[in-house]
Amino acid sequence: NAGVMQNPRHLVRRRGQEARLRCSPMKGHSHVYWYRQLPEEGLKFMVYLQKENIIDESGMPKERFSAEFPKEGPSILRIQQVVRGDSAAYFCASSPNTGRAFFGQGTRLTVV
Amino acid sequence: DAKTTQPNSMESNEEEPVHLPCNHSTISGTDYIHWYRQLPSQGPEYVIHGLTSNVNNRMASLAIAEDRKSSTLILHRATLRDAAVYYCILGQGGSEKLVFGKGTKLTVNP
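Residues numbered from 1 in each chain as written. Chains lettered and ligands numbered in written order. Predicted model: local features only at pLDDT ≥ 70, side-chain atom pairs only at ≥ 80, totals over all residues. Heavy atoms only, no water.

## What about the interface of chain A and chain B?
Every contact between the two is made by 23 residues of chain A and, on the other side, 16 residues of chain B. Carbon and sulfur atoms supply 50% of the area buried between chain A and chain B, which totals about 1,500 Å² over both sides. Among the residues of chain A in contact with chain B, Leu-43, Arg-100 and Phe-103 of chain A are the three that bury the most area, contributing 32% of the side total. At the junction of chain A and chain B, the tally comes to one salt bridge. For Asp-56 of chain A, the salt bridge identified is with Lys-97 of chain B, shortest N-O distance 3.7 Å. Sorting the residues of the side of chain A that touches chain B by element identifies β4 (31-37), β5 (43-50) and β9 (88-95) of chain A as the ones contributing at least two each. Top contributing element to the side of chain A that touches chain B by residue count: β4 of chain A, with four residues. Split into classes, the residues belonging to the side of chain A that touches chain B amount to nine nonpolar, 10 polar and four charged. (Contact = heavy atoms within 4.5 Å. Buried area = accessible area lost by both parts, 1.4 Å probe. Salt bridge = Lys/Arg side-chain N within 4 Å of Asp/Glu carboxyl O. Helix = DSSP H or I, 4+ residues; strand = E, 2+ residues; numbered from the N terminus. Nonpolar A, V, L, I, M, F, W, Y, C, P; charged D, E, K, R; others polar.)

Right, here's the structure in full:
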């Protein structure tokens, strides 16, 4: 059973471009979470999704950020018109109905 | 969200036991105590969790105070690979977001 897969591992975008981060949860996991870690800081919750539904997006910035977890395919975190302050590590986690969360290796976004 | 308090950093020597404390004085009766760790440049990794009784697994032990207002993660023999930031997190044990604090940065000396 492969772990949580995130790609790309590293992403460089120029200011104003779009960034798309992908996350494939572990097999059988229907819950996906996205977290952001700014340099030298702790992880901050962004959004919690189940298949085709956003359950909790209380940590998502109001503008430019969106997330989806379609019926088929990976979960996508999309950042439009990136700015330098979006540079961070973005981690995805998945879990079954209860219990521990399994994290991916993260996508490190650099905005130049 | 219930909060936890951990020391910013701790040091240990290789092959010695490490006791990482966590205070959670506002814990509710249904909150589980979770521990995750994050190695450098990696995603967080589950370590252990418990509710009331002490817990053991292949990675560590979790000692929970009788009043549940504090707990201690115990690494029985620290290795260099245990150098990481350790996070103590309260949660209901279901599908929910994790609220990470600053954690304890553990340095293991050879």
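That was the structure; now back to the text.
## Description of the side chain of Arg-36 of chain A
Residue and element names in this part refer to chain A. Among the secondary structure elements, Arg-36 is positioned in strand β4. Despite its burial, Arg-36 pairs with no opposite charge, the nearest such side chain being Asp-86 at 4.1 Å. Setting aside anything within four residues of it in sequence, one finds Arg-36 in contact with Gly-42, Leu-43, Lys-44, Met-46, Pro-61, Phe-65, Asp-86, Ala-88, Ala-89 and Tyr-90. (Buried < 20%, exposed > 50% of the residue type's maximum accessible area, 1.4 Å probe, protein only. Lys, Arg positive; Asp, Glu negative; His and termini not counted.)

## With respect to the sheet that holds strand β6 (residues 61-64) of chain B
Residues and elements named next belong to chain B. Read across the sheet, four strands follow the order β2-β7-β6-β5 without closing on themselves; strand pairing throughout is antiparallel. The strands lining the two open edges of the sheet, one partner per strand, are β2 (18-23) and β5 (55-56). Pairing geometry for β5 and β6, over two bridges, is antiparallel. Directly across from Asn-56, in β6, lies its bridge partner Ser-61. (Pairing = 2+ DSSP bridges.)

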